[in-house]
Structures are given as structure tokens and as C-alpha cells.
Amino acid sequence: MKKCPDCGMVIANQAIRCPKCKYTFTSADESAGGGDAPVVTPQAAAVSAAATGKSDKVAGIMPMIEVNKDNVDTLYGQLKAAIVKRKTEFDHFIDFLENRTSWLTAPAEIKGPLACEKGLLIRSVAVAKQLLRIKDTIMPQLDEESAIIIALFHEVGKVGIEGKPLFIQEETSTLGTTSTLGLSFSSRLSSSSTSSNPTYTINNKLVHMNVGVRSLFLVSQYMLLSDDEAQAISYGSDVELLNGKLSPYTLLLSTALQMQKTIYEDSDVVSGYSFTVINPS
């Protein structure tokens, strides 16, 4: 634990901002606080560079990397490894998501290009890549770990809650049933053409919440968020509700999300307007 030099509040070592007085800790504060502060090793720095696409030899905004089922796990792993200062609380939340919810398999929506297995993870990783390349170009002073956290978790509410996913796969035959985990047993026995195009519906057994509200509800149980991060996660998809009072983080997230959904998830727009997309494969 460490103490805020402004207000004296005792908070977790990995916190980058005091939740009471909004004091932002610097590297000098971490050094003065003793040996408990996280140290960014050269290996971690290299991982962070890979996750964000940074290079000392490249100027200007980086081209967007195509995120798909084949590379999403690798890119997701790079983003996770880039979290160093807040690793403990971040890892606890990731463990919950990956082992007790549909985070790794849920669709991003019930209709559209990402209404598919892993759709939510693909969009979350893609939005993170979008946000980081925009941030590094026009707002490099903003915290990188905060950027990754709000991008990865802005739609995490779409997993529902433990044991109750928001999206459930519809039955594909009269012999099939839909499990409480959102998996259709009939789809395992159906033809490859049917299983490759699943259909989803909303789980009406969940208490109704806006996706941003549910996302904040889940994240805040495991992570201490700044007010900037809380606003971004809650309103990144609904910025019109803020009446123009967006924090820089919310503005970046909203921009990255809209770019991803309206441009990079539409192959006709990408090709029609000659957007550059890198396919790592």
C-alpha cells in the first residue's frame, strides 16, 4: 500500500491516481515509496511495444491491424502482458472473465459481422488497437494502461454475469436445447455449415441494464477505477448522454469504437475508401 502525498489517503500500490483528490502518481513518487512499486522490465517494455504497435523508427499514425479469429488470441495476450502497474487487480478480473463467464466465446452482437463465436473478444481487442494508435498520435500524454483497460472492457457487460450470459445461442433443430451457459447442444451435432453461422438471442433471465452500466458493475468489483475510466466504460457507446462533457479518455474510446464498427468491420468501406489494413498472417 502507499499514501497519497496530497490528501494522505492510503491506496493500492498499483493505483496511478488517487480516487479522492485525483493526484496522479509519477515515477519519482514510486521511487520514493520504496521497493514495492512495480518495475517495468525491458521484457515488459518490449511486450508493451508489441501490443501497442509502437516503434522508435516509425512516425505518424500506424496502419490498423486486422483482428480476426486466427490472431485475436495472440493480440489479446500482448495487451494483457502490457499491463504492469496494475497487474494484480487486472489479472484477478481477467481470471474471473476467462474462467467464469463467456468472455472468450461470446458474440459482440446478435446481428452483424461479429455475431459469431469470439466476436466480443475480437471487437474489444480491435478497439484497443484503434484507441492506442490514435492516442499515440494525438494524445500521447494519456496513460497507456488506462487506455488498454477502457478499450478491452468497454463492452464486457455483454458477457452478462456468471452463469447467465447476455447472448444465448438459439436452437438449430427441434432436437436441440440451449444450455444455461449459452451453448446450443444441437449445434455440436449439426452440419459444419450450420455451426459456422450460429444465431443468438438476448437472455431475458438477466436483470436489464445498459451495457455500459453492466460493464462498470463488473470491472469495479475487481479494479479501482479513476473517474475518467469510469466515464469512458459507462458512456463510451452512449456519449450523447453526456451532453458534450466527455473526458479525453471517453472521446478517444468513442472515436476508436466508431471507427472500428463503421469502417474496419465493413470490408466494403475498407476497400471502397482504400483504408490500409495489415493482416499479420
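Residues numbered from 1 in each chain as written. Predicted model: local features only at pLDDT ≥ 70, side-chain atom pairs only at ≥ 80, totals over all residues. Heavy atoms only, no water.

Examining the overall build of the chain
- For the chain, the helix and strand inventory stands at 12 helices and six strands.
- When contacts within the chain are restricted to residue pairs at least 6 apart in sequence, long-range pairs at least 24 apart make up 59% of them. (Helix = DSSP H or I, 4+ residues; strand = E, 2+ residues; numbered from the N terminus. Contact = heavy atoms within 4.5 Å.)

Notes on the packing of helix α3 (residues 72–81) against helix α5 (residues 119–138)
- The contact between α3 and α5 brings their axes to 10 Å, and the two run at 55°. Taken together, the axis directions place α3 and α5 in an arrangement best described as oblique. Where α3 crosses over α5, the two elements pack in a sense that is left-handed. On α5, the residues that touch V72, D73, L75, Y76 and L79 of α3 are L121, I122, V125, A128 and L132.
- Looking at the contact of α3 with α5 residue by residue, the class counts come to nine nonpolar, no polar and one charged. (Axes fitted to C-alpha atoms, helices over the stretch in contact; angles between N-to-C directions. Parallel < 35°, antiparallel > 145°, perpendicular 65-115°, else oblique. Left-handed = near helix turned anticlockwise from the far one by under 90°. Nonpolar A, V, L, I, M, F, W, Y, C, P; charged D, E, K, R; others polar.)

Examining the side chain of K118
- In this fold, K118 is placed in the loop between α4 (87–100) and α5.
- Dropping the residues within four chain positions of it, K118 is found in contact with V72, D73, L104, T105 and A106.

Observations concerning the nonpolar core
- Core analysis: the largest hydrophobic core is formed by 53 residues, its most contacted members being F93, V125 and F153.
- Counting residues per element, this core draws most heavily on α5, which supplies 10 residues.
- Beyond its immediate chain neighbours, meaning those up to four positions away, F93 contacts F153, V156, L218, V219, Y222 and M223.
- By size, the runner-up hydrophobic cluster in this structure holds five residues, among which are C4, C18, Y23 and F25. (Core = buried A, V, L, I, M, F, W, Y, C linked by side-chain atoms within 4.5 Å. Buried < 20%, exposed > 50% of the residue type's maximum accessible area, 1.4 Å probe, protein only.)

Describing the pattern of salt bridges
- Scanning the entire structure with this criterion turns up 12 salt bridges.
- Between K80 and E98 there is a salt bridge, with the nearest N and O atoms lying 2.9 Å from each other. With K80 in helix α3 and E98 in helix α4, this pair connects stretches of sequence that are 18 residues apart.
- Among the residues examined, K80 registers a relative accessible area of 23% and is labelled partly exposed.
- With a relative accessible area of 25%, E98 lands in the partly exposed category.
- With a closest N to O distance of 2.8 Å, R123 and E265 form a salt bridge. Placement of the pair is R123 in helix α5 and E265 in the loop between α11 (248–264) and α12 (267–272), with a sequence separation of 142 residues.
- The exposure class assigned to R123 is buried, which follows from its relative accessible area of 1%. (Salt bridge = Lys/Arg side-chain N within 4 Å of Asp/Glu carboxyl O.)

Re α11
- In this model, α11 (17 residues) spans 23 Å end to end at C-alpha, consistent with the 24 Å of a helix rising 1.5 Å per residue.
- Packing partners of the buried residues in α11 comprise β3 (64–65), α5, α6 (144–153), α10 (227–235), α12 and β6 (277–278). (Expected span 1.5 Å × (residues − 1).)

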